[in-house]
Amino acid sequence: MVGSMDTITSVREMIEWSRFQISCRKDTGFVPTMGYLHDGHLSLVNRARSENDSVVVSVFVNPTQFGPNEDLSVYPRDPDGDSAKLEAAGIDVLFVPEAGELYSPSHETFVELERLSRHLCGKSRPLHFRGVATIVLKLFNIVLPTNAYFGSKDYQQLQVIKNMVRDLNVNTMVIGCPTIREHDGLAMSSRNSYLSPDQRKQAICLYDALMIARRLFAAREPDPNAYLQAMKSRVLSEPDALPDYISLVHPETLENLTTVNYNALAVMAVRIGKTRLIDNMLLAEPASRNQ
Ligand code: PAF
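1. As for the nonpolar core
Right, on to step 1. M14, F95 and F140 are the most contacted members of the largest nonpolar core, which has 46 residues in total.
Right, on to step 2. Among the elements that take part in this core, helix α6 (residues 128-143) stands out by supplying ten residues, more than any other.
Right, on to step 3. Non-local contacts of M14, meaning those with residues more than four positions away in its chain, are made with I8, V56, V93, F95, I142 and V143.
Right, on to step 4. In terms of nonpolar packing, the next biggest core, distinct from the first, is built from 28 residues, C205, L210, A241 and L248 among them.

2. Re the site of the ligand
Right, on to step 1. The environment of the ligand is made up of P32, T33, M34, N62, Q65, I135, F150 and Q157.
Right, on to step 2. Between an oxygen atom of the ligand and a side-chain N or O atom of Q65, the distance comes to 2.6 Å.
Right, on to step 3. In this structure, an oxygen atom belonging to the ligand sits 2.7 Å away from a side-chain N or O atom of Q157.
Right, on to step 4. If the ligand stood free it would expose 290 Å²; the protein chains cover 88% of that surface.
Right, on to step 5. Among the residues making up the shell around the ligand, the classes are represented as four nonpolar, four polar and no charged.

3. As for the sheet that holds strand β5 (residues 147-151)
Right, on to step 1. Strand order in this open sheet of six strands is β1-β4-β3-β2-β5-β6, and the pairing throughout is parallel. The open sheet terminates on both sides in strands that have one partner only, identified here as β1 (6-8) and β6 (173-177). Going across the sheet, the axis of each strand differs from the next one's by a mean of 25 degrees, ignoring polarity.
Right, on to step 2. As judged from the three bridges shared by β1 and strand β4 (residues 93-95), these two strands associate in the parallel manner. Within the sheet, the bridge partner assigned to D6 lies in β4 and is V93.

4. Re the sheet that holds strand β7 (residues 241-249)
Right, on to step 1. Strands sit in the order β7-β8-β9 across an open sheet of three strands; the sheet is antiparallel. Each edge of the sheet is formed by a strand with only one pairing partner; in this case those strands are β7 and β9 (275-283). The mean inter-strand angle of the sheet, taken between neighbouring strand axes irrespective of direction, is 10 degrees.
Right, on to step 2. Inspection of the sheet shows strand β8 (residues 264-272) paired to β9 by nine bridges, in the antiparallel sense.

5. A closer look at the packing of aromatic side chains
Where two aromatic rings form a pair, the distance of their centres and the angle of their planes describe that pair.
Right, on to step 1. In the structure shown here, the tally under the stated rule is four aromatic pairs.
Right, on to step 2. Between F30 and F140, the aromatic rings sit 6.2 Å apart at their centres with planes inclined by 70 degrees, giving edge-to-face as the arrangement. Of this pair, F30 sits in strand β2 (residues 28-33) while F140 sits in helix α6, placing them 110 residues apart in sequence.
Right, on to step 3. On the basis of relative accessible area, F30 is assigned to the buried category, the value being 0%.
Right, on to step 4. Accessibility expressed as a relative area gives 2% for F140, which makes it buried.
Right, on to step 5. Here the aromatic residues F30, F140 and F150 are joined through ring pairs into a cluster of three or more.
Right, on to step 6. Above the face of the F110 ring, R130 is positioned so that its terminal group lies 3.8 Å from the ring centre.
Right, on to step 7. In this structure, K138 packs its charged tip against the face of Y103, placed 5.3 Å from the ring centre.

6. Some points on the pattern of salt bridges
A side chain of one charge can pair with a side chain of the opposite charge when the charged atoms of the two come close.
Right, on to step 1. On inspection of all chains with the given rule, the structure shows eleven salt bridges.
Right, on to step 2. One salt bridge in this structure joins R234 and D208, with 2.8 Å as the shortest N-O distance. Of this pair, R234 sits in helix α10 (residues 224-236) while D208 sits in helix α9 (residues 204-218), placing them 26 residues apart in sequence.
Right, on to step 3. Its relative accessible area of 17% is what places R234 among the buried residues.
Right, on to step 4. On the basis of relative accessible area, D208 is assigned to the partly exposed category, the value being 26%.
Right, on to step 5. A salt bridge links R234 to E238, with the shortest nitrogen-to-oxygen separation between them at 3.1 Å. In terms of burial, R234 and E238 fall into one category: buried.
Right, on to step 6. A cluster of three or more residues bridged by salt bridges with shared partners is formed by D208, R234 and E238.

7. Observations regarding the layout of surface pockets
Right, on to step 1. Within this model, the second largest pocket holds a volume of roughly 360 Å³.
Right, on to step 2. If you go around the second largest pocket, you meet 21 residues; those closest to its centre are V59, F60, R77, P79 and V96.
Right, on to step 3. Counting residues per element, the lining of the second largest pocket draws most heavily on helix α3 (residues 79-89), which supplies three residues.
Right, on to step 4. In terms of residue class, the lining of the second largest pocket is built from 13 nonpolar, four polar and four charged.

What counts as what
Residues numbered from 1 in each chain as written. Predicted model: local features only at pLDDT ≥ 70, side-chain atom pairs only at ≥ 80, totals over all residues. Heavy atoms only, no water. Core = buried A, V, L, I, M, F, W, Y, C linked by side-chain atoms within 4.5 Å. Buried < 20%, exposed > 50% of the residue type's maximum accessible area, 1.4 Å probe, protein only. Helix = DSSP H or I, 4+ residues; strand = E, 2+ residues; numbered from the N terminus. Contact = heavy atoms within 4.5 Å. Near = heavy atom within 4 Å. Polar contact = N/O pair within 3.5 Å; in protein donor to acceptor, adjacent residues only side chain to side chain. Areas by Shrake-Rupley, 256 points an atom, 1.4 Å probe, with all protein chains shown as cover. Nonpolar A, V, L, I, M, F, W, Y, C, P; charged D, E, K, R; others polar. Pairing = 2+ DSSP bridges. Axes fitted to C-alpha atoms, helices over the stretch in contact; angles between N-to-C directions. Phe/Tyr/Trp six-rings, centres within 6.5 Å; stacked < 30°, edge-to-face > 60°. Lys NZ or Arg CZ within 6 Å of the ring centre and 35° of its normal. Salt bridge = Lys/Arg side-chain N within 4 Å of Asp/Glu carboxyl O. 1 Å grid on protein atoms, 1.4 Å probe; cavity = no way out; pocket = protein on both sides within 12 Å on 5 of 7 lines; lining within 4 Å. Points joined across faces, edges and corners; volume = space filled by probe spheres on them.

What follows is the structure, given as structure tokens:
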């Protein structure tokens with residue numbers, strides 16, 4: 001029922017709520033977020049709503065997934081707006097833990113994926129996925145969700161969490177959901193709010209580059225370099241755009257492809273001015289999935 005959302009800030013209280021759900025044999029759908037919610041997050045919430053008895057959304061800007069020179073201190077926040085959107089979406093619990101309760105001063109345990117977190121974003125953000133895997137496991141231990149929902153825009157994050165759940169026998173089903181895009185194709189992201197109007201126009205180069213890759217795949221181009229050159233040249237045609245990486249990788253191992261003859265993931269991180277944006281597209285037979 002819309003209008004009956006509880007807000008829980010205490011870890012102990014959240015665990016008690018979760019245990020009670022399990023004792024009632026109710027399925028909990030969980031959407032972990034860092035807040036500043038947009039339609040991409042709300043699509044995850046709606047999916048969770050349709051597949052579970054109860055829905056929990058967490059809002060927590062997790063310090064351990066930001067590097068020393070990254071945007072933790074300026075990360076956009078809108079607690080009142082988030083709460084209103086989630087109440088309107090009909091969730092059951094908004095979990096907003098304090099950083100001090102989740103990370104005590106003596107915190108020393110982290111979850112690290114040895115292989116997957118080294119590729120792609122892991123090269124320029126070496127501790128990022130360690131922070132993501134650690135907080136997601138902590139939240140899973142508190143919320144005890146049956147199903148947890150993540151967007152495919154953060155494709156590497158989704159694979160990291162799937163592998164972490166597999167490797168550590170976590171009793172939660174991880175469900176990847178389609179990327180939600182603006183009218184011109186730009187993937188929705190809280191970080192889009194950093195872009196000036198001119199940079200926002202330039203940011204469409206990410207989606208354009210992915211569409212170039214999709215066309216080459218449809219034309220059965222086997223050479224990864226043909227994709228990478230064409231994608232890079234589209235990105236570099238914008239004055240403020242600087243690629244961190246543009247890659248064509250295996251969708252599960254995230255290793256670079258030497259030839260494109262089957263499924264591939266076109267994936268990229270691009271700085272538009274100071275804002276680092278990521279996007280990807282699965283290139284798969286028979287037709288590319290509409291991400
Ligand atoms: O995708 C995000 O918003 C974050 O990385 C997550 C999964 C909530 C962990 O902090």
